[in-house]
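Architecture at a glance
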Amino acid sequence: NLGSSEEAGPRWRRERNKLLKRWSRDLCDRDACRPASLREKSSPRAGLGVLGISQVCPCSQRLGPWSRARPLGILCETGWMSQRVLCLWGLLTIGAAVVSGADASHSRLGLSTWGRGRAGRPHALQGLRGGGLLVQGTPLAWEDSLQWLGYVREHGVLQFINTFFAHKDREDEKLLWGEELEYHILKVDDTKKTVKLSLRGEQVLDTLREREEVFGRADNRKEACAWHPEYGSWMVEGTPRLPFGGFVRDLRRVELSLRLRRRRLLAALEDNEILPTVTTFPLMGVGDFTWPETSPGDLGVSQSSDCSDRLINNHPRFATLTNNIRKRRGSKVHIKVPLYMDEATASTAAAAHDGTGLDQEEEMTMSGLPGVTRKRKEAIEMDCMAYGMGMCCLQVTFQARDLKESRHLYDQLAVLTPIMLALSASTPIVHGKLADTDVRWATIAASVDDRTPQERGSQVCDPSHKGQMGFMAGGGSRALPKSRYESISSYICNCKGGGDPTASTNRYNDIPCPIDEASYATLVAAGIDGQLAKHVAHLFVRDPLVIYSERIHIPDSTSTDHFENIQSTNWQTVRWKPPPVGTNIGWRVEFRSMEVQLTDFENAAYTVMAVLISRVLLAFRLNLYVPLSKVDENMAEAHKRNAAVEGKFWFRKHMAAQGTDGEEDDEVQLMTIHEILTGKGDDFPGLLPIVFAYLDHVGCDQQTRDTVRRYAHLLERRATGELDTTAKWMRDFVQGHPSYKQDSVVSQEVAHALMRACADIGEGRRNAFELLGDTVIDPIDTDGAYEVSLESRPLDFSERDSLLQRYAQRATEAKSKGKSVSMDWPEDPQGNGGSDVTGNGGSEVSEWKEPPLKKRPIERTFSNQSLDDSDDDLTTRAAPTGISLN
């Protein structure tokens, strides 16, 4: 503690200058090359000039004018000193600012406390989830980042090596896990029957974070929320503030946590805003679809013909990511999804292409669907990243016990990703049209496809790449079969330490997996086993897409920015995550394929079943390995309409069988998802019975059994077709709307009705028997969204007397009428229907009325209650009924 800046005096300056001199001696980089665009910029108050420091560079050259120091380093006659010198200065400056009472978050380095918890503590789940690099800084334009691409790739590998050896011996970590869910904020006009994107995500995010700080509990006893920015300026991501633990009771916390998040989000909305948990906004890129109104291509980032760049979150990472993907690719992204051909679709589609000058009969390969071709008039074409990264999904991250378990879990869960993708299907509409697919994956994959024409298989180099290819990974010409957003290309577990050839997973790695040879050689030379080295080297066939000028020269031993730069932009169906720097989080695996559902009950069901299947895989030592070529075939199958019921997926015939001498039966067969879940014949028991066996084995309590039974029943009924997937329900809703013209076009009126219905179902204001069966969602409102403290501040005497008199009079009147004083206590004395922090008076979000459904027996989900009052909080409103699973 240096005390105040005045007390520090000469000692502060001596220590500061001593450290700066030592760091500059060790880290001076004479050959560093400064980007031209930054060389032209100068800020007289930037850098070290404000301190009036003068030092001598180890190269014996006097450092140039300190007032002209740039963000990347300090001007020297022979080059640029390492950024790490400036970073150290920044830390010291911030320390001085904090000591003197200044606001360090507004320092010139642009540091902030984004992603911090109460009192500046980092969110535990933020480390667990390990999101993208949303740091404060100046992202480089593509042309300026070219010369740093190789540097970032090289040092990213070194950072991984340091992290690996620092944490490879960690073991006996506790199970921690959490889900993350994204939300759309939409604006509706019930008079005009329109629905639009509400570009208020940033304001809503600020409101949510502020209220978490003001009204959240410091002891974290109540289930709390953490809020994060997303790609779209109409989107918000929510997670539990703290991860769930490794106890069966935690399985019952998920739905309560999701309901709390929805309630708090609803409390932050304005009038006529709704919050349907859908994968994609159905009218993305169609006409006037945003509020406020925007114009396509207004900022020159995506150069889309239909979408404004104002759809992109204001954080500079997102716009830079969009721009650099387009520039590296050499053109706008080109997303092609097969159009659903309804009765009148052919004539409408042909008319829509008239006058465009495009060949309607041109055969095009659909994005992410090898071998599937359609004529241009029978395809839905989209041209920017917002169509993909503007989609919402459901992801679950697990902390493994140790390194070996994380690698094993990664491989096993990868096999399940297409199964859970199909079972959670919820994307039948894109760009205002019904698609002939049910899921989002191929659309997102194409929306972030930054491969050059040569990497995609063309022999022609794009003219815009002149002078750039040499900087890119693989010279920009290495064949890359997949986009950055795809299924995995190699298993990573070295079973039995790689010492038993019969246990090798290499025989399942039967698809092309291009690697960066230099990275692979570095990894193997450092002592990383070949299986894992191949996985990391495969990640590094990609270039970094967002490089922050302030974060180039950083220590490889204590930073992972460059590794995460590559890792976080390889969006695969599962992601293997090393421990984050400076946390106690261990090795993790993220399960990424599932689609978001309309209700918190459904999202909890898919989350909990994913968690339980992961436990079963480990506890019962199951083997799900199938060749990766079969996994890719399953991914293509999962995209088909109604694949959850009608699709056939390759799956291992014997999950638990083990032959002699350790050789396992590798036979695979085609199964329906219902067979995968419930069993096929005597050889394959199915995943659900094994889950039940596991819970019985660990001694699960009755309340949790009932909860899991209801969740499993939902998945089973969806797999049989007894209940619709969200995708089928939406498709049927559109086709059954009186305004639909059987032409695959989703009009504003139809989209308005659909989004209203989705929001009402999610909030428990509308039953959906085709989707949920007998399950009825308890209504969610804004009342009780936040804690109310038991205030002890003394009231003003006049206020106190007035209050007591009013309630005494009310009690007297109740007794005179023979009523109970307690029961006469009004439910809402303020008459506003809810909490006074909602911002909208607690008014109900939905007013859309539907014809009443025929009454059916119901089973209830969790009610509006908190987790913490007692263990009874985790009970359901009514015991589940009508469930046959045992």
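Please refer to the structure placed before this passage.
Before going further, it helps to spend a moment on the overall build of the protein. Broken down by element type, the protein carries 25 helices and 24 strands. Counting only residues that meet the buried cut, the protein has 57% of its 886 residues in that class. Counting every atom, the protein has about 36300 Å² of accessible surface; 50% of that belongs to carbon and sulfur.

Another aspect to go through is a nonpolar patch on the surface. A contiguous nonpolar patch, built from Leu795, Leu803, Tyr807 and Trp825 and spanning about 400 Å² of accessible area, is present on the exposed surface. Relative to the helices and strands, Tyr807 is located in helix α25 (residues 797-816). A relative accessible area of 31% places Tyr807 in the partly exposed class.

Soluble globular proteins tend to bury their nonpolar side chains together. Phe651 and Trp729 are the most contacted members of the largest nonpolar core, which totals 188 residues. By residue number, the principal contributor to this core is helix α16 (residues 600-619), which donates 13 residues. Every residue in contact with Trp729, bar those within four places of it in the chain, is listed here: Leu598, Asp724, Leu754, Ala757, Cys758, Ile761, Arg766, Ala768, Glu770 and Leu771. Core analysis: the second largest hydrophobic core is formed by 11 residues, Leu146, Val152, Met469 and Ile552 among them.

A complete count under the given rule lists 20 aromatic pairs for this structure. One aromatic cluster is present, built from ring pairs that chain together Phe160, Phe164, Phe165, Phe540, Phe563, Trp576 and Trp587. Taking NZ or CZ as reference, Lys630 lies 4.0 Å from the ring centre of Trp650, over its face. In this arrangement the basic side chain of Arg810 is found over the ring face of Tyr807, its NZ or CZ atom lying 4.5 Å from the centre.

It is at 10 Å that the axes of helix α6 (residues 201-215) and helix α7 (residues 253-267) come closest, and there the two elements cross at 115°. Helix-helix and strand crossings are classified by hand; for α6 and α7 the assignment is right-handed. Across from Val204, Leu208, Arg211 and Glu212 in α6, the residues of α7 making contact are Arg264, Leu265 and Ala267. Looking at the contact of α6 with α7, its residues break down into 4 nonpolar, no polar and 3 charged.

For the rest of this paragraph, the subject is the sheet that holds strand β4 (residues 186-189). One open sheet holds the 4 strands; their spatial order is β8-β4-β5-β9, and the pairing between them is mixed. Single-partner strands in this sheet number two, and they are β8 (273-274) and β9 (290-291). As judged from the 4 bridges shared by β4 and strand β5 (residues 194-198), these two strands associate in the antiparallel manner. Looking across to β5, one finds that Lys187 is bridged to Lys196. Against the sheet, helix α23 (residues 748-762) contacts β4, β5 and β8, and its axis sits at roughly 65° relative to β5.

The subject of this paragraph is the pattern of salt bridges. Charged atoms that come close allow side chains of opposite charge to pair. Overall, the coordinates contain 53 salt bridges when judged by the stated rule. Between Asp543 and Arg153 there is a salt bridge whose closest N-O contact spans 2.4 Å. Residue Asp543 is found in the loop between α14 (530-539) and α15 (561-567), and its partner Arg153 is found in helix α5 (residues 142-167); the two are separated by 390 residues along the sequence. Take Asp543 and Arg153: they sit in the same class, and that class is buried. Ionic contacts of the salt-bridge type, sharing partners, join the residues Arg153, Arg328, Asp450, Glu455, Arg484 and Asp543 into one network.

As a further point, take the environment of Val236. For Val236, the position within the fold is in strand β7 (residues 235-240). By relative accessible area, Val236 is classed as buried at 1%. Spatially, the C-alpha atom of Val236 lies 8.0 Å from that of Glu202, the residues being 34 residues apart in sequence. When neighbours within four sequence positions are excluded, Val236 is seen to be in contact with Leu181, Glu182, Tyr183, Ile185, Gly201, Val204, Leu205, Leu208, Trp227, His228 and Leu265.

What follows covers the sheet that holds strand β19 (residues 574-577). Here 6 strands make up an open sheet; going across it, the order is β6-β7-β3-β14-β20-β19 and the pairing antiparallel. The open sheet has two free edges, formed respectively by β6 (225-229) and β19, since each of these has just one partner strand. Going across the sheet, the axis of each strand differs from the next one's by a mean of 20°, ignoring polarity. Of the strand pairs in this sheet, strand β3 (residues 177-184) and strand β14 (residues 394-399) are connected by 5 bridges, and their pairing is antiparallel.

What follows concerns α14. Among the 10 residues that make up α14, 8 are buried, leaving the element largely enclosed by the rest of the structure. Contact partners of the buried residues in α14: α5, α11 (403-423), α13 (517-526), α15, β18 (571-572) and β19.

On to α7. With 15 residues, α7 extends 21 Å from end C-alpha to end C-alpha; this agrees with the ideal 21 Å at 1.5 Å per step. The buried count for α7 comes to 15 of 15 residues, which makes it a mostly enclosed element.

This paragraph deals with the side chain of Asp383. Tracing the backbone through its elements, the reader meets Asp383 in the loop between β13 (379-382) and α10 (386-389). The buried category is assigned to Asp383, whose relative accessible area is 11%. There is a polar contact of 3.0 Å between the side chain of Asp383 and the side chain of Lys332. Contact partners of Asp383, with chain neighbours within four places excluded, come to Gln303, Ser304, Ser305, Asp306, Lys332 and Val333.

Calculation rules
- Residues numbered from 1 in each chain as written.
- Predicted model: local features only at pLDDT ≥ 70, side-chain atom pairs only at ≥ 80, totals over all residues.
- Heavy atoms only, no water.
- Helix = DSSP H or I, 4+ residues; strand = E, 2+ residues; numbered from the N terminus.
- Buried < 20%, exposed > 50% of the residue type's maximum accessible area, 1.4 Å probe, protein only.
- Areas by Shrake-Rupley, 256 points an atom, 1.4 Å probe, with all protein chains shown as cover.
- Patch = residues over 30% accessible without salt bridge, like charges linked within 9 Å, V, L, I, M, F, W, Y side chains within 5 Å.
- Salt bridge = Lys/Arg side-chain N within 4 Å of Asp/Glu carboxyl O.
- Core = buried A, V, L, I, M, F, W, Y, C linked by side-chain atoms within 4.5 Å.
- Contact = heavy atoms within 4.5 Å.
- Phe/Tyr/Trp six-rings, centres within 6.5 Å; stacked < 30°, edge-to-face > 60°.
- Lys NZ or Arg CZ within 6 Å of the ring centre and 35° of its normal.
- Axes fitted to C-alpha atoms, helices over the stretch in contact; angles between N-to-C directions.
- Left-handed = near helix turned anticlockwise from the far one by under 90°.
- Nonpolar A, V, L, I, M, F, W, Y, C, P; charged D, E, K, R; others polar.
- Pairing = 2+ DSSP bridges.
- Expected span 1.5 Å × (residues − 1).
- Polar contact = N/O pair within 3.5 Å; in protein donor to acceptor, adjacent residues only side chain to side chain.

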